[in-house]
Amino acid sequence: MVTKQLTASTATPLQTARARGRVRGRLILLGPAFVAAVAYVDPGNFATNSAAGARYGYLLVWVVVVANLMAMLVQTLTAKLGLATGRSLPELCRERLPRPVNRMMWVQAELVAMATDLAEVIGGAVALYLLFGIPLLPGGIIIGAAAFAVLALRSRGFRAFEIGIAVLLGVIVLAFAANLLASGSDPGSAVAGLVPRLQGTDSVLLAAGILGATVMPHVIYVHSALTRDRIPAADDTERRTLFRGQRADVLLALTAAGAVNLAMLLIAAASFRGGGPAGADSLEGVHAGLGQTIGTAAAFGFAIALLVSGLASTSVGTYAGEVIMEGFLRRRIPLLLRRLVTLLPALAVLAIGLDPTRALVLSQVILSFGIPFALIPVVAFTRRRDLMGNLVNHPLTTAAASLVAVLVVALNAFLLRQVVAG
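If you're wondering where the values come from, they're calculated on a predicted model, not measured in any experiment.

**Looking at the overall build of the protein chain**
Now for step 1: Of the regular secondary structure elements, the protein chain holds 20 helices and zero strands.
Now for step 2: For the protein chain, whose C-alpha radius of gyration is 21 Å, the value lies close to the compact-globule estimate of 22 Å for 422 residues.
Now for step 3: Seen through its principal axes, the protein chain has C-alpha atoms that stretch 70 × 45 × 40 Å.
Now for step 4: Residues classed as buried in the protein chain amount to 55% of the 422 residues present.
Now for step 5: The contacts in the protein chain between residues at least 6 apart in sequence include a share of 83% that link residues at least 24 apart.
Now for step 6: A total of about 17,700 Å² of accessible surface is found on the protein chain, and carbon and sulfur atoms cover 66% of it.
Now for step 7: Taken as two groups, the 34 positive and 20 negative side-chain charges of the protein chain have centres that lie 8 Å from each other.

Given below as structure tokens:
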């Protein structure tokens, strides 16, 4: 009895977790990437991927696949950063960068959090309008308030929050899986779409939009914080074990998100036949088009998935705001106050009657400004052995990540130039 008590008292947190059994011991390592994956199926993706399928059929399938592979690399590095250093990205920036630079980065990160909430709340409000006819402004208020229910799961521990978000992601996956089966998508054409090719200037712009919007700055902050807060490693061997778990987490979660994005494009390609109904570039137009071509059940599934996406994404966005302020400034404000601050811009947009899809596009432009500030530090930090220890990047990993960073930043600069030029 004494030996068993001593063994239990000296076991590391990882050993305790793995003692729960082979399956449960592995499942406990999963979760953070599912929270991050929600950002890759937010309302902005609904409109972009559906537009790609409606306009060009299966032509841009390869773009969605490449974008997802880029996301997997970035989120793997982000997860590794939090695990290896015990710090979130904002905390490392506060500790390693000059104070004026850190403050500037905090300001842009807060703007990113607000832009994120703008897109998610608007998407959720549109979904409530499509499902129940609720006007957009009251719908936005409902979405903002409902996010507290998801955020409340954090009071029960990180697992409750991660599982709650994973369940919501599962609803989105199931909704699009059902719609994909009903759409009659052509597998042969989808496979042919894996061959990289483009068709005119507009397809180049849309491809750049899909690739350039791959990396969401706020989930880089969140993912590094989630892996920091989970299971501490007792030594280098445990650190490698935990990292293998995080790689599996990213692979599973981002595969699910990538499958949803691909389904969005395939459904639009099969349903709208490379042109689509009038307004197929908007969320409302996609919803109406699905009702006309597949049936009311498909339109209902799309709206439900959009609602769940908005609710889950805005919850993660609010959490990102907490991570940002606590990391960059070492300060916290009440959750209700933070929620109101980030919610007000979205409600203002809905109140003045700005086109929801246009507002989503504008929010993505704001987000694009924040990408270099999140992505470049991740690549720079993860290549440093003094920070990462035995989890430091392999030179080839750093080279691949640097290429992704340059590509994403260049594409967003291109998109911003196109927006400014009208």
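This is not the end of the story, as more comes after the structure.
**So, the nonpolar core**
Now for step 1: With 136 residues, the main nonpolar core has Leu 60, Leu 89 and Phe 176 as its most contacted residues.
Now for step 2: Sequence-distant contacts of Leu 89, defined by excluding residues within four places in its chain, comprise Leu 81, Ile 220, Tyr 221, Ser 224, Ala 374, Pro 377, Val 378 and Phe 381.

**Here's the deal with a positive patch on the surface**
Now for step 1: Together, Arg 18, Arg 22, Arg 26, Arg 240, Arg 244, Arg 247 and Arg 385 line one region of the surface with positive charge.
Now for step 2: Elements with a contribution of two residues or more to the positive patch: α3 (22-27) and α14 (236-272).
Now for step 3: For the positive patch, the leading source of residues is α14, giving three residues.
Now for step 4: Following the sequence through the fold, Arg 18 ends up in helix α2 (residues 13-18).

**Some words on the pattern of salt bridges**
Now for step 1: Taken as a whole and judged by the stated rule, the model has 12 salt bridges.
Now for step 2: A salt bridge links Asp 117 to Arg 339, with the nearest nitrogen and oxygen atoms 2.6 Å apart. In this pair, Asp 117 sits in helix α8 (residues 99-132) while Arg 339 sits in helix α17 (residues 335-352), placing the two residues 222 residues apart along the sequence. Accessibility classification places Asp 117 together with Arg 339 in one group, the buried group.
Now for step 3: Among the salt bridges present, the one from Arg 239 reaches Asp 236, with a minimum N-O distance of 2.6 Å. Separated by three residues within a single helix, Arg 239 and Asp 236 lie in helix α14, roughly one turn from each other.
Now for step 4: The class for Arg 239 is buried, based on a relative accessible area of 18%.

**What to know about the packing of aromatic side chains**
Now for step 1: Under the definition given, this model contains five aromatic pairs.
Now for step 2: Relative to Phe 328, the ring of Tyr 221 has its centre 6.1 Å away and its plane inclined at 80°; by these criteria the two rings are edge-to-face. Separated by 107 residues along the polypeptide, Tyr 221 in helix α13 (residues 217-228) and Phe 328 in helix α16 (residues 296-329) bring together distant segments of the chain.
Now for step 3: By relative accessible area, Tyr 221 is classed as buried at 1%.
Now for step 4: Pairwise contacts between aromatic rings join Phe 46, Phe 176 and Phe 302 into one cluster.

**Describing the packing of α16 against α17**
Now for step 1: At their nearest, the axes of α16 and α17 sit 10 Å apart, and the two run at 115° to each other. On the basis of their axis angle, the class for α16 and α17 is roughly perpendicular. Relative to α17, α16 is oriented so that their crossing is right-handed. Each of Thr 314, Thr 318, Gly 321, Glu 322 and Met 325 in α16 lies in contact with α17, whose residues at this interface are Leu 335, Arg 338 and Arg 339.
Now for step 2: Residue classes in the contact of α16 with α17 are distributed as two nonpolar, three polar and three charged.

**Some remarks on helix α10 (residues 158-183)**
Now for step 1: Helix length check: α10 (26 residues) gives 38 Å between terminal C-alpha atoms against 38 Å at 1.5 Å per residue, within 8%.
Now for step 2: Buried within α10 we find Phe 161, Glu 162, Gly 164, Ile 165, Leu 168, Leu 169, Ile 172, Ala 175, Phe 176, Asn 179 and Ser 183.
Now for step 3: Following α10 by one or two positions, Gly 184 has its phi on the positive side, about 70°.

**Quick word on the environment of Ala 146**
Now for step 1: Assignment of secondary structure puts Ala 146 in helix α9 (residues 136-151).
Now for step 2: Along the sequence, Ala 146 and Ala 225 sit 79 residues apart, while their C-alpha atoms lie 24 Å from each other.

**Quick notes on the packing of α8 against α9**
Now for step 1: Closest axis-to-axis distance for the α8/α9 pair is 8 Å, and the angle between their directions is 120°. One way to sum up the angle between α8 and α9 is to call them oblique. Seen along the crossing, α8 lies across α9 with a hand that is right-handed. In this structure, α8 uses Val 121, Gly 124, Ala 125, Val 126, Leu 128 and Tyr 129 to contact α9, whose residues at the interface are Leu 136, Gly 139, Gly 140, Ile 142 and Ile 143.
Now for step 2: Of the residues in the contact of α8 with α9, the class split is eight nonpolar, three polar and no charged.

Conventions and cut-offs
- Residues numbered from 1 in each chain as written.
- Predicted model: local features only at pLDDT ≥ 70, side-chain atom pairs only at ≥ 80, totals over all residues.
- Heavy atoms only, no water.
- Helix = DSSP H or I, 4+ residues; strand = E, 2+ residues; numbered from the N terminus.
- Rg over C-alpha atoms; globule rule 2.2 N^0.38 Å.
- Buried < 20%, exposed > 50% of the residue type's maximum accessible area, 1.4 Å probe, protein only.
- Contact = heavy atoms within 4.5 Å.
- Areas by Shrake-Rupley, 256 points an atom, 1.4 Å probe, with all protein chains shown as cover.
- Lys, Arg positive; Asp, Glu negative; His and termini not counted.
- Charge placed at Lys NZ, Arg CZ, Asp CG, Glu CD.
- Core = buried A, V, L, I, M, F, W, Y, C linked by side-chain atoms within 4.5 Å.
- Patch = residues over 30% accessible without salt bridge, like charges linked within 9 Å, V, L, I, M, F, W, Y side chains within 5 Å.
- Salt bridge = Lys/Arg side-chain N within 4 Å of Asp/Glu carboxyl O.
- Phe/Tyr/Trp six-rings, centres within 6.5 Å; stacked < 30°, edge-to-face > 60°.
- Axes fitted to C-alpha atoms, helices over the stretch in contact; angles between N-to-C directions.
- Parallel < 35°, antiparallel > 145°, perpendicular 65-115°, else oblique.
- Left-handed = near helix turned anticlockwise from the far one by under 90°.
- Nonpolar A, V, L, I, M, F, W, Y, C, P; charged D, E, K, R; others polar.
- Expected span 1.5 Å × (residues − 1).

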